[in-house]
Amino acid sequence: MEEKSPKPIRCKAAVSRAAGEPLQIEEVEVAPPKAHEARIKIVCTSLCHSDLTFWRMKDFPGVYPRIFGHEAVGVVESVGEGVEELVVGDTVVPTFLAHCKDCVDCRSERSNLCSKLPFNLIPGMPRDGTTRFTDSNGDPVHNFLFVSSFSQYTVVDVAHLTKVDPGIPFEKACLLSCGVSTGVGAAWKVAEVEAGSTVAIFGLGAVGLAVAEGARLRGASKIIGVDLNPEKFELGKKFGLTDFVNPKEIGERTVSEVIIEMTNRGADYCFECIGLASLMNDAFQSSRPGWGKTIILGVEMHGSPLCVSSAEILNGKCIMGTLFGGIKAKNDIPILAKKYLNKELHLDDFITHEVGLQEINKAFDLLIQGKSLRCTIWMDR
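Reading the values: the criteria
Residues numbered from 1 in each chain as written. Predicted model: local features only at pLDDT ≥ 70, side-chain atom pairs only at ≥ 80, totals over all residues. Heavy atoms only, no water. UniProt positions renumbered as here; feature names shortened; annotations may be inferred. Core = buried A, V, L, I, M, F, W, Y, C linked by side-chain atoms within 4.5 Å. Buried < 20%, exposed > 50% of the residue type's maximum accessible area, 1.4 Å probe, protein only. Helix = DSSP H or I, 4+ residues; strand = E, 2+ residues; numbered from the N terminus. Contact = heavy atoms within 4.5 Å. Pairing = 2+ DSSP bridges. Axes fitted to C-alpha atoms, helices over the stretch in contact; angles between N-to-C directions. Parallel < 35°, antiparallel > 145°, perpendicular 65-115°, else oblique. Nonpolar A, V, L, I, M, F, W, Y, C, P; charged D, E, K, R; others polar.

- Where an unreviewed UniProt entry is consulted, the protein appears under the name Alcohol dehydrogenase-like 7 isoform X1, with the organism given as Phoenix dactylifera.
- Under the heading Subunit (unreviewed entry), UniProt records this for the protein: "Homodimer."
- A UniProt comment under Sequence similarities (unreviewed entry) is attached to the protein, and it reads "Belongs to the zinc-containing alcohol dehydrogenase family. Class-III subfamily."

### Examining the nonpolar core
Logical step 1: If you look at the biggest cluster of nonpolar residues, it comprises 96 residues, and the most contacted ones within it are Phe 150, Leu 176, Val 199, Ile 201 and Phe 271.
Logical step 2: The biggest single contributor to this core is helix α5 (residues 206–218), with six residues.
Logical step 3: Beyond its immediate sequence surroundings of up to four residues, Val 199 is in contact with Val 193, Ala 215, Ala 220, Lys 222, Ile 223, Ile 224, Ala 267, Tyr 269 and Phe 271.
Logical step 4: Val 226, Val 245, Val 255 and Cys 270 belong to the second largest nonpolar core, which has 13 residues in total.

### Remarks on unusual backbone geometry
Logical step 1: Cis rather than trans, the peptide bond between Phe 60 and Pro 61 has omega equal to 15°.
Logical step 2: If you trace the backbone, Pro 61 turns up in the loop between α1 (49–55) and β4 (71–79).
Logical step 3: Each neighbour pair has its own omega, and for Tyr 64 with Pro 65 the value is -5°, a cis peptide bond.
Logical step 4: Note that Pro 65 resides in the loop between α1 and β4.
Logical step 5: One non-glycine residue, Lys 101, lies in the positive phi region at around 70°.
Logical step 6: Tracing the backbone shows Lys 101 in the loop between β5 (91–94) and α2 (104–107).
Logical step 7: One non-glycine residue, Arg 265, adopts positive backbone phi at about 95°.

### Quick look at the sheet that holds strand β10 (residues 198–202)
Logical step 1: Taken in spatial order, the six strands make up an open sheet running β12-β11-β10-β13-β14-β15, and their pairing is parallel. Two strands in the sheet have a free side with no partner beyond their single neighbour: β12 (243–245) and β15 (318–321). Along the sheet, successive strands turn relative to each other by an average axial angle of 20°, direction set aside.
Logical step 2: Relative to the sheet, α5 contacts β10, β11 (222–226) and β13 (269–272), its axis offset from that of β10 by approximately 170°.

### Description of the sheet that holds strand β6 (residues 133–134)
Logical step 1: Reading across the sheet, the four strands line up as β1-β2-β6-β7 and stay open at both edges, with antiparallel pairing between neighbours. For this open sheet the edge positions go to β1 (9–15) and β7 (140–141), each flanked by a neighbour on one side alone.
Logical step 2: Bridge count for β1 against strand β2 (residues 24–30) is seven bridges, and the pairing is antiparallel. Bridge pairing in β2 links Lys 12 to Glu 27.

### Thoughts on the packing of helix α4 (residues 179–190) against helix α10 (residues 329–341)
Logical step 1: Two elements in contact, α4 and α10, have axes separated by 12 Å at closest approach and are oriented at 100°. With respect to α10, the axis of α4 lies roughly perpendicular. Together, Ser 181, Val 184, Trp 188 and Lys 189 of α4 and Asp 332, Ile 333, Ile 335 and Leu 336 of α10 make up the contact between the two elements.
Logical step 2: Looking at side-chain class alone, the contact of α4 with α10 contains five nonpolar, one polar and two charged residues.

This is the structure we're talking about:
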């Protein structure tokens, strides 16, 4: 019996029509998957700071109308030609970075930046640049970071999908799609934090706290959090934070002076998780001469350059940058899922709020007000 080809699906989506304006719940049409693509029924998604950043953009790469969302989990509804690694019914997490497993970068342990389907900020599917969404008038709706999870159904290239154990709760698997994997991966894959080492983390949002969790898993002996919000210390203790520095409460001293004193010459590993050149410099200044590593996870929000002294570099310090915490999705996300199921990786406390799709703008408000780490958005509520 001949298999039926997938048909277009009509569903609800939260559509952004203009920069910074509340999302509108609309009916959209989602096209069938093309070759090397799968159509996913999104079970739940969450709001990441990257969604917020792009939602505020009035100029390119801010384009409208658009369906945001990239941290999610779902179930495969249909697959296009040439898709062999996934079947209908598989639980998958989408990722903004591709992992084709084929190119020189994907085959190398030295990089997680696929060169066959390289990361970029141009809207559209990675292979043909077109969208799979149209609105009720038949006009195209742009996708976001190759995912667009603020829709009940979405089409994603197979290189951006990772199959996970269906035993992991959906809302926990969702966290592994972006933020938590980025932070844990930075400590694990990029810094390669060693047991007994000292760590300083600048910025204790979801990514910064995930770095703490990664450092805890790696056996760091001292994990220092730097943040202006004193409430973050108690929260951070759940993820392994041992010490806390509030820049507003250290008098005339600089943050780096305090950390150098706390760690006997500087932290072995420093992580910048905000995206400010001044903080990147603080992190670098706080790292130990001889072998100190500074890992930058935040995108500089003002486009400012980072300026450091060459003498400091000659003293053995280094600066490293990373996208997605060095995570190779298809290899590493299943490992993190297994660590959660084995009660090694802490995920539960990252979720601070839950809403349904109809209340998605509340998730934006909570993140803007600094009240949430991750707000789970259930698509069928």
